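# Secondary and tertiary structure notes
Single-letter residue listing:
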Amino acid sequence: MRWLLSVCLLLLGAAAPAAHGEEFLTESEFLGALAEEHPAVAAQMGRVAEAAAARRRAEILTNPTLAFTAEQPRGTPREDIWSLAWTPPLDGRRRLSIDAAESGLGAARSALASKQLELRLQMREAFAAWALGQEKRELLAAHLDRLKALARRMEHRAEGGEESGLSARRVRLEATEALAALAAAEADLARSRSEVLAWSPGVGLKRPLRPTLPAPPTALGVEGRRDLEAHRFEVEQARLEEKLSQRFLRFPQLVVGWKTIEEAGGQLDGPVFGFTWSLPLSDRGQADRLQATRKQGVAEARLAFATRQATAKLAAATVAYRRLRSAALEMATETRNLGPMVEGAVTAYELGESGITDLLDTVRSVVSTELAEVDLLAAALKAHRDLEAATGLTLLEGVSP
């Protein structure tokens, strides 16, 4: 009657993990939730808003100053003076200020794009943990069901004296260990799903599909990295601010007005002209020039080092992804159908060709290999995310799941 054991295990191994009518979710569909109105993106708009305000502030002309004074000391005529004072933007500072602010706005926008890619990679990590956690949970659940069925059958046979009670207890202990592993996997799955729901509450009861491993592009570079573009804008902004600091001569403030003198015998009036000018005798912007020069040097050093780091990371990420992708695809092919191996081990045990230790080792080896294949896929997916981060490009565009 041992043939019943083989049939039971075979049916458990061939059972489909997904329920009929289940709705699936691809990685691309999940990433579609990261739009401009997403709270995670909106929370990063502060720097852009400040830079846009600075750009607008730089192009606005200064307000003129309107003044009125009235004087009439005792025994003297009354004097009324209306005046309007304004500093025309004719010293070359306004254009430089606008250009510097424009570069600052460009840096803010590029930094925002870089941050959006970072958020996208965080979403990919959350989706991969969810999808692969689901697969691990199902593998361990099937493993537990297989061991429980085997334990029940062996205990029944042990009661009839056809099986060793020790063998039945060993299988039951193995099932207990599998139960602990399943509980840990379910806890991890719950945590990863909560992370997914934080990114996209509309996921609902959808089931994640396994992410793909697309082939890497043939030509890769760091030219598309928006964080490096932000650094280049910062260097240009620092250069313009250094140039602006050299313009220490300010255009004088011009004053025009009208003066009226009222006397007992009549009234005298006429125009008033003048200017005020801050003479650059001691303060000629030395501190501003020093700060701007140092700031430019810091920006250039930051760009140079970031470029060097990006180039090194890209080289490492390319090698890592190609190797892990190749290994993951090969292992997925090798582990596609391990059911016959379990079936063969059960048959050998039934025929007395192997013992309970060999059977348990085979069952344990199968589930360990299946879990290792999932872990290798997780490592390959992380390597692909590292490759995206290194290139600054969304390498999944146009790839069907």
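Residues numbered from 1 in each chain as written. Predicted model: local features only at pLDDT ≥ 70, side-chain atom pairs only at ≥ 80, totals over all residues. Heavy atoms only, no water.

By the element assignment, E29 lies in helix α2 (residues 27–31). Taking the C-alpha atoms as reference points, E29 and A348, separated by 319 residues in sequence, lie 47 Å from one another. At 3.2 Å, the side chain of E29 and the backbone nitrogen of T26 are in polar contact. (Helix = DSSP H or I, 4+ residues; strand = E, 2+ residues; numbered from the N terminus. Polar contact = N/O pair within 3.5 Å; in protein donor to acceptor, adjacent residues only side chain to side chain.)

A complete count under the given rule lists 27 salt bridges for this structure. For E229, the salt bridge is made with R226, and the minimal N-O distance between the two is 2.7 Å. Here E229 and its partner R226 are both found in helix α7 (residues 226–245), three residues apart, which amounts to about one turn of the helix. Members of the salt-bridge network, linked through shared partners, are E27, R120, R124 and E388. (Salt bridge = Lys/Arg side-chain N within 4 Å of Asp/Glu carboxyl O.)

What follows is about the sheet that holds strand β3 (residues 78–86). Pairing is antiparallel in the open sheet, where four strands are placed in the order β2-β3-β5-β6. Looking at strand neighbours, the two that pair on one side only are β2 (65–71) and β6 (266–276), the edges of this open sheet. Sheet twist, expressed as the mean angle between neighbouring strand axes with direction ignored, is 15°. Across nine bridges, β3 lies against strand β5 (residues 253–263) in antiparallel orientation. Within β5, the position partnered with E79 by the bridge is I261. (Pairing = 2+ DSSP bridges. Axes fitted to C-alpha atoms, helices over the stretch in contact; angles between N-to-C directions.)

Mean pLDDT over the protein chain works out to 87, with 92% of the residues at or above the 70 mark. Every residue in residues 1–19 scores below 50 in pLDDT, and together they form 27 contacts with partners more than four places removed in sequence or on other chains. (pLDDT = per-residue confidence, 0-100. Contact = heavy atoms within 4.5 Å.)

Below, the discussion takes up the environment of H231. Within the secondary structure, H231 sits in helix α7. Owing to a relative accessible area of 15%, H231 belongs among the buried residues under this scheme. Residues H231 and L140, 91 residues apart in the sequence, show an inter-C-alpha distance of 48 Å. Apart from the residues lying within four places of it in its own chain, the contact partners of H231 are R302, L303 and A306. (Buried < 20%, exposed > 50% of the residue type's maximum accessible area, 1.4 Å probe, protein only.)

Per the stated rule, a full pass over the model turns up three aromatic pairs. Among the aromatic residues, ring-to-ring pairing joins F30, F127 and W130 into one connected group. (Phe/Tyr/Trp six-rings, centres within 6.5 Å; stacked < 30°, edge-to-face > 60°.)

The grouping of L66, F68, W82, L84, V256, W258 and F273 at the surface amounts to a nonpolar patch, some 770 Å² of accessible area in total. At the level of elements, β2, β3 and β5 are the ones that each hand at least two residues to the nonpolar patch. Residue classification places L84 among the partly exposed residues on the basis of a relative accessible area of 39%. (Patch = residues over 30% accessible without salt bridge, like charges linked within 9 Å, V, L, I, M, F, W, Y side chains within 5 Å. Areas by Shrake-Rupley, 256 points an atom, 1.4 Å probe, with all protein chains shown as cover.)

Below, the discussion takes up the environment of G204. On the secondary structure map, G204 appears in the loop between α6 (165–199) and β4 (207–208). With 181 residues separating them in the primary sequence, G204 and E23 have C-alpha atoms 9.7 Å apart. Not counting residues up to four positions away in its chain, the partners in contact with G204 are R193 and L197.

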